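# Survey of secondary and tertiary structure
One letter stands for each residue in the lines below.
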Amino acid sequence: MRIDFLTLFPEMFHGVIGNSILKKAEEKGAVSFKVTNFRDYSDHKHSIVDDYPYGGGAGMVLKPQPIFDAVEDIQKESGSAPKIILVCPQGETYTQRKAEELAKEEHLVFICGHYEGYDERIREHLVTDEISIGDFILTGGELASMVIADSVVRLLPDVLGNEDSPMLDSFSTGLLEHPHYTRPSDFRGMKVPDVLISGNHAKIDEWREKESLRRTFSRRPDLLSSFDLTDKQKKWIEEFKKG
């Protein structure tokens, strides 16, 4: 996979893509990153990339020319037809399902905006996807694009080293993940559930399934509205309701 970031602040990306899973993924050849300052594409003598909105109003709007030219240059260089993602509060709310969808792509381009917004022609004629990471406002699209890239790259084959890891994460199964414990089994009188040290893997799997359901029921019951419960899980739900 190739991931391009178009930004006015390229230095923001170095600490993220140069560390942890993203760095390891690039070292393994699973992904390559390129960060481009789209100010470099401005045709203005002072490299201006924004202007006042037609009709008046507060704030400045990103001009179409630098972004169109930057994206077209990337497409020409790569020879691909990438997913071009606009990160903005008006986009679809990001989910694990969307991450799984994007992980199947070969090339992603993130447009990271600033100021009041984008010229609407960027939305209408250039981007393929608009994504929001939540109902709140950030200073720019850089942090949001890094969040999305991280969630996508960890799904690529061999990146985590354990193929089951991403499939068992919260939201991947449709439920929140079950609790985890590690050594020591008794820490300051707080003990690990007996079943987890019993060696009975069938019982352990059942405990994890039940606790995953319990956590979802108590913290994110909205997720259960679209989850196909088994008869056993329905009985557990009734048990949870009784306390």
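This report concerns the structure included in the present document. (Residues numbered from 1 in each chain as written. Predicted model: local features only at pLDDT ≥ 70, side-chain atom pairs only at ≥ 80, totals over all residues. Heavy atoms only, no water.)

### Describing the environment of Thr7
The residue Thr7 is located in strand 1 (residues 2–7) in this model. In this structure the C-alpha to C-alpha distance between Thr7 and Ala25, which are 18 residues apart in sequence, comes to 22 Å. Apart from residues no more than four positions distant in its own chain, Thr7 is found in contact with Phe13, Val35, Thr36, Asn37, Phe38, Cys112 and Glu142. Within the local environment of Thr7, its side chain forms a polar contact with the side chain of Glu142, the two groups lying 2.5 Å apart. (Helix = DSSP H or I, 4+ residues; strand = E, 2+ residues; numbered from the N terminus. Contact = heavy atoms within 4.5 Å. Polar contact = N/O pair within 3.5 Å; in protein donor to acceptor, adjacent residues only side chain to side chain.)

### So, the environment of Val159
Secondary-structure assignment places Val159 in the loop between helix 6 (142–153) and strand 9 (186–187). For Val159, a relative accessible area of 4% translates into the label buried. Along the primary structure Val159 and Gly29 are separated by 130 residues, whereas in three dimensions their C-alpha atoms are 9.5 Å apart. The contact partners of Val159, leaving out residues within four places of it in the chain, are Ile21, Ala25, Lys28, Ala30, Val153 and Arg154. (Buried < 20%, exposed > 50% of the residue type's maximum accessible area, 1.4 Å probe, protein only.)

### Thoughts on the side chain of Asn37
Mapped onto the elements of the fold, Asn37 is located in strand 2 (residues 32–37). Looking at Asn37, its side chain comes within polar contact range of the main-chain nitrogen of Arg39, at 2.9 Å. Once you skip the residues sitting within four places of it in the chain, Asn37 turns out to touch Thr7, Leu8 and Pro10.

### Focus: the sheet that holds strand 2
The sheet built from 5 strands is open, its strands ordered 2-1-6-5-8 with parallel pairing. At either margin of the open sheet sits one strand with a lone partner, and together these are strand 2 and strand 8 (129–132). This sheet shows a mean twist of 30° between the axes of neighbouring strands, independent of strand direction. In the sheet, strand 5 (residues 83–93) pairs with strand 8 via 5 bridges, with the strands oriented parallel. Paired with Thr93 across the strands is Ser132, a residue of strand 8. (Pairing = 2+ DSSP bridges. Axes fitted to C-alpha atoms, helices over the stretch in contact; angles between N-to-C directions.)

### Considerations on the sheet that holds strand 7 (residues 117–118)
Taking strand neighbours across the sheet as the criterion, the 3 strands line up as 3-4-7 in an open arrangement whose pairing is mixed. Each having just a single partner strand, strand 3 (50–51) and strand 7 make up the two edges of the open sheet. Bridge analysis of strand 4 (residues 61–62) against strand 7 gives 2 bridges, and the strand direction is parallel. Looking across to strand 7, one finds that Val61 is bridged to Gly117.

### Examining the nonpolar core
If you look at the biggest cluster of nonpolar residues, it comprises 29 residues, and the most contacted ones within it are Ile3, Phe110, Val152 and Val153. Looking at this core, the elements with two or more residues in it are strand 1, helix 2 (20–27), strand 5, helix 4 (96–102), strand 6 (107–111) and helix 6. Looking at this core, the element that brings in the most residues is helix 6, giving 6 residues. Excluding anything up to four places from it in sequence, Val152 contacts Met1, Tyr94, Ala99, Leu102, Ala103 and Leu108. The next biggest cluster of nonpolar side chains, apart from the first, holds 19 residues, and it includes Leu6, Leu8, Leu86 and Tyr118. (Core = buried A, V, L, I, M, F, W, Y, C linked by side-chain atoms within 4.5 Å.)

### Quick look at the side chain of Gln65
Tracing the chain through its elements places Gln65 in helix 3 (residues 64–78). Reaching out from Gln65, the side chain makes a polar contact with the side chain of Asp69 at a distance of 2.8 Å. Setting aside its immediate chain neighbours within four residues, Gln65 contacts Tyr41, Ser42 and Asp43.

### Here's the deal with the pattern of salt bridges
Applying the stated criterion to the full structure yields 16 salt bridges. With a closest N to O distance of 3.2 Å, Glu77 and Lys34 form a salt bridge. Of the two residues, Glu77 sits in helix 3 while Lys34 sits in strand 2, which places them 43 residues apart along the sequence. The partner of Glu120 in a salt bridge is Arg123, and the shortest N-O contact between them spans 3.3 Å. Pair noted here: Glu120 and Arg123 are both in helix 5 (residues 120–125), with a separation of 3 residues, about one helical turn. (Salt bridge = Lys/Arg side-chain N within 4 Å of Asp/Glu carboxyl O.)

### Focus: the pairing of strand 5
Here strand 5 pairs with strand 6 via 4 bridges, running parallel. Directly across from Lys83, in strand 6, lies its bridge partner Leu108.

### A short note on the packing of aromatic side chains
Under the counting rule described, the total for this entry stands at 4 aromatic pairs. Aromatic pair Phe5 and Phe33: ring centres 6.3 Å apart, planes at 20°, arrangement stacked. One end of the pair, Phe5, is in strand 1; the other, Phe33, is in strand 2, with 28 residues separating them in the sequence. Accessibility assignment for this pair places Phe5 and Phe33 in one class, buried. Measuring from centroid to centroid gives 5.8 Å for Phe217 and Phe240, while their planes differ by 40°, and the two rings are tilted. Placement of Phe217 in helix 7 (residues 201–219) and of Phe240 in helix 8 (residues 231–242) is noted, with a sequence separation of 23 residues between them. Relative accessible area serves as the criterion here: at 10%, Phe240 is assigned to the buried category. The rings of Phe5, Phe13, Phe33 and Phe110 are connected pair by pair, giving a single aromatic cluster. (Phe/Tyr/Trp six-rings, centres within 6.5 Å; stacked < 30°, edge-to-face > 60°.)

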